[in-house]
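# Inside the fold
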There are 2 protein chains.
Amino acid sequence: MALTVVGSIAFDAVETPTARRDRLLGGSAVHFALASSFLAETRVVGPVGDDFGDAEYAVLRARGVHTDDIEHVAGGTTFFWAGRYERDVNVRHTLQTDLNVFEDFRPKLSAASREADTVFLANIQPDLQREVREQCEAARFVALDSMNLWIDIARESLVRTIGLVDCVILNDGELKQLVDEPNLVRAARAVLRLGPSVVVAKQGEYGAAMFTEDGFFGLPAYPTPDVVDPTGAGDTFAGGFMGFVAAQEGEIGEEQLRAAMAYGTALASFNVEAFGTERMQTLTPAEISARVDELERITRFAACGFPARG
Amino acid sequence: MALTVVGSIAFDAVETPTARRDRLLGGSAVHFALASSFLAETRVVGPVGDDFGDAEYAVLRARGVHTDDIEHVAGGTTFFWAGRYERDVNVRHTLQTDLNVFEDFRPKLSAASREADTVFLANIQPDLQREVREQCEAARFVALDSMNLWIDIARESLVRTIGLVDCVILNDGELKQLVDEPNLVRAARAVLRLGPSVVVAKQGEYGAAMFTEDGFFGLPAYPTPDVVDPTGAGDTFAGGFMGFVAAQEGEIGEEQLRAAMAYGTALASFNVEAFGTERMQTLTPAEISARVDELERITRFAACGFPARG
């Protein structure tokens, strides 16, 4: 029932055509943990610098996230990312990336983090993901994210790590790139052959698709007219997905994984409604439930029978 | 219960990385009609030249499509389009477009075509679409398609025509361009304000979304690993959608429109499995029913209840 996430903790500067924020709490592990915290007890493993203070810890702790494994690097500076979104928020430009303390990050997991039964390896160097995976012997469900950089420069290591996890959660473009296959169905099947039993393709404004050995599940994004800041939507999705999985006491089968997709989708749709983690700080379980129910309603149909015609 | 489609009839030359066909039966009205013919009695209105012969008529007639309103322009040549798809079939290059007899096309509807209760105005000049719309006084459900060209050079006319139809079926990029709004939900709502009660956004490999006055419905594409030739997928989708609508004797409400989306999606997924209209010529009603049922299965989920956590 406990969930550990290993990944980045960051400050983000975000520009949109109508607003600008210089110092937003961000990073994959933070976005993930704030989402998963609604569903499961969550521990964050990641590095911060001297500029990461009480206010930032308080955001995580207010949601019950365990911060003991956040590694404070004395004299260091927290990972910083700056980006600009166009009027079409699907178009993003990275303006600056300062890895800072993240550059030399070697995850150190406490006993409590290692004993989690559900583990998410957010987007970090695949050798490090594998080190973490091997430390978490008790885990019954481990998922990873990655990015085009690692596919470009460390594909072999990434493939080895994928062979050790239960679930891969990537953007659909990354899945296609990983196995050099432009058809998503074929790409996902090729990734399943690397070892995992579940492959999730994140599709941004179009939603997400899930491939398992004998199944497919597709879910549109929640249709929000108010996208303020998409930063962290993918990690928030993963947090909702993995949080739901971690909350399951019994079997994690197709039915549970589909519901997990809905929780991920719902949480991601909230995250984009405000800058950084702001929306997640005010979100309530009742709002999440209502949106998951709405997702069910807006995707349901009945075939109505085939009209009688040859 | 009768359906009329007005649009192009064409020969297409299609290249993919592994194959090439020089003379495929195509055109929006043809792709549409072959799909709709499985669900409703369909009449095609469109021009052909001397090169359009018995073999082509036979394809339509084999599916029971009425071809009396196909206008044979003596001495003319049928609309010709040539395109090339990359290994990623989502990337298409138009190599040649010869409008030929389509350039001076003025739709002439027989009494039977005018009396259809369901009408689809495929992608033609919006003034012509409006002329057709005004002739079809008995129609209870009229939809149109269009393209970026008309938004660029005849937007005012297109908007007037949209004001006279019940349903707009466009690619999501075209919807956004039409009202200069990058958020799809806002774009669709803006198009609804132009007059129609239904707006359908075609999203290619991602599926389709439908917006009505008080509703949203999202449906992923059927996950096919075997995309041979995507030409005509959008028109085939529209044919399945409108064919289902035409087949309804009673009310066309949200429930029927959602099922129509599923039939459009299923038919489009077959169309891309072979070149041109080849797959539609061998398709059976049982295959369509089975795929619609499968679409229902691969999109269904239950929320499973919110895990007990704050």
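Now for the pairing of strand β6 (residues 79-85) of chain B. Residue and element names in this part refer to chain B. Among the seven residues that make up β6, six are buried, leaving the element largely enclosed by the rest of the structure. In this structure, strand β2 (residues 10-15) lies alongside β6, joined through six bridges in parallel fashion. Looking at the pairing, Asp12 lines up with Trp81 of β6. Judged from the six bridges that link them, β6 and strand β7 (residues 92-98) form a sheet pairing that is antiparallel. Note that in β7 the partner of Gly83 across the bridge is Thr94. Between β6 and β7, which pair antiparallel in sequence order, lie six residues.

Quick look at the sheet that holds strand β7 (residues 92-98) of chain A now. Residue and element names in this part refer to chain A. Spatial ordering of the open sheet is given by β3-β2-β6-β7, a layout of four strands whose pairing is mixed. If you trace the sheet from one side to the other, it starts and ends with β3 (20-26) and β7, each paired once. Geometrically, the sheet is characterised by an average inter-axis angle of 20° between neighbouring strands, direction not taken into account.

On to the relation of the copies chain A and chain B. Take chain A, turn it by 180°, move it 0.0 Å along the axis, and it overlays chain B with an RMSD of 0.0 Å. What the superposition gives is, in effect, a two-fold axis relating one chain to the other. When you check the interface residues of chain A against chain B, 100% turn up at the interface there too, and the contact is symmetric in its surfaces.

Inspection of the secondary structure puts Ile298 of chain A in the segment after α12 (285-297). Spatially, the C-alpha atom of Ile298 of chain A lies 51 Å from that of Gly75 of chain A, the residues being 223 residues apart in sequence. Among residues more than four places away in sequence, those in contact with Ile298 of chain A are Tyr222 and Pro223 of chain A together with Phe216, Phe217, Gly218 and Arg258 of chain B.

This part takes up the sheet that holds β6 of chain B. In a beta sheet, neighbouring strands pair by backbone hydrogen bonds and run either parallel or antiparallel. Residues and elements named next belong to chain B. Reading across from one edge, β3-β2-β6-β7 is the order of the four strands in this open sheet, with mixed pairing throughout. One side of each edge strand has no neighbouring strand; the edge strands of this open sheet are β3 (20-26) and β7. Across the sheet, the mean angle from the axis of one strand to that of its neighbour is 20°, orientation sign disregarded. Sheet analysis places β2 next to β3, joined by five bridges and oriented antiparallel. Note that in β3 the partner of Glu15 across the bridge is Arg20.

This brings us to the confidence of the model for chain A. Here chain A averages 96 in pLDDT, while 99% of its residues score no lower than 70. For this predicted complex, the interface confidence comes out at an ipTM of 0.95, alongside a pTM of 0.97.

Phe211 of chain A together with Phe120, Ile169, Val200, Phe241 and Met261 of chain B are the most contacted members of the largest nonpolar core, which totals 102 residues. The leading source of residues in this core is helix α10 (residues 254-271) of chain B, at 10 residues. Setting aside chain neighbours within four positions, we find Phe241 of chain B in contact with Phe141, Cys167, Ile169, Val200, Met210, Leu257, Ala260, Met261 and Gly264 of chain B. Counting residues in hydrophobic clusters, the runner-up holds 100 residues, among them Val200 and Phe241 of chain A together with Val165 and Ala303 of chain B.

Bringing the environment of Thr42 of chain A into the picture now. Residue and element names in this part refer to chain A. Here Thr42 shows up in strand β4 (residues 41-48). In sequence terms Thr42 and Thr4 are 38 residues apart; their C-alpha atoms lie 5.7 Å from each other. Those residues in contact with Thr42 that lie beyond four places of it in its chain are Leu3, Val5, Ala33, Ser36, Ser37, Gly64, Val65 and His66. Side-chain polar atoms of Thr42 contact the side chain of Ser36, separated by 2.8 Å. A polar atom in the side chain of Thr42 sits 2.9 Å from the backbone oxygen of Ala40.

Once that is clear, we can look at the pattern of salt bridges. It is possible for side chains of opposite charge to pair when their charged atoms get near one another. Residue and element names in this part refer to chain B. For the structure shown, the criterion picks out 31 salt bridges over all chains. Arg258 is the partner of Glu254 in a salt bridge, and the nearest nitrogen-oxygen pair spans 2.9 Å. Separated by four residues within a single helix, Glu254 and Arg258 lie in helix α10, roughly one turn from each other. With a shortest N-O distance of 2.8 Å, Arg291 and Glu273 are connected by a salt bridge. Here Arg291 is found in helix α12 (residues 285-299), whereas its partner Glu273 is found in the loop between α10 and α11 (278-282), with 18 residues between them in sequence.

The interface is formed by 59 residues belonging to chain A together with 59 residues belonging to chain B. Both faces combined, the contact of chain A with chain B buries some 4900 Å², and carbon together with sulfur accounts for 58% of it. In this structure, the connection of chain A to chain B is made through six salt bridges. Residues Arg186 of chain A and Asp226 of chain B are paired through a salt bridge, measuring 2.7 Å at the closest nitrogen-oxygen approach. Counting the contacts that link chain A with chain B gives 18 residue pairs in polar contact (both at pLDDT 80 or more). Broken down by secondary-structure element, the contributors of at least two residues to the side of chain A that touches chain B are α7 (172-178), α8 (184-192), β13 (215-219), α9 (233-247), α10 (254-271) and α12 of chain A. By residue number, the principal contributor to the side of chain A that touches chain B is α12 of chain A, which donates eight residues. Among the residues making up the side of chain A that touches chain B, the classes are represented as 29 nonpolar, 11 polar and 19 charged.

What counts and how
- Residues numbered from 1 in each chain as written.
- Chains lettered and ligands numbered in written order.
- Predicted model: local features only at pLDDT ≥ 70, side-chain atom pairs only at ≥ 80, totals over all residues.
- Heavy atoms only, no water.
- Buried < 20%, exposed > 50% of the residue type's maximum accessible area, 1.4 Å probe, protein only.
- Helix = DSSP H or I, 4+ residues; strand = E, 2+ residues; numbered from the N terminus.
- Pairing = 2+ DSSP bridges.
- Axes fitted to C-alpha atoms, helices over the stretch in contact; angles between N-to-C directions.
- Least-squares fit on C-alpha atoms with pLDDT ≥ 70 in both.
- Contact = heavy atoms within 4.5 Å.
- pLDDT = per-residue confidence, 0-100.
- Core = buried A, V, L, I, M, F, W, Y, C linked by side-chain atoms within 4.5 Å.
- Polar contact = N/O pair within 3.5 Å; in protein donor to acceptor, adjacent residues only side chain to side chain.
- Salt bridge = Lys/Arg side-chain N within 4 Å of Asp/Glu carboxyl O.
- Buried area = accessible area lost by both parts, 1.4 Å probe.
- Nonpolar A, V, L, I, M, F, W, Y, C, P; charged D, E, K, R; others polar.

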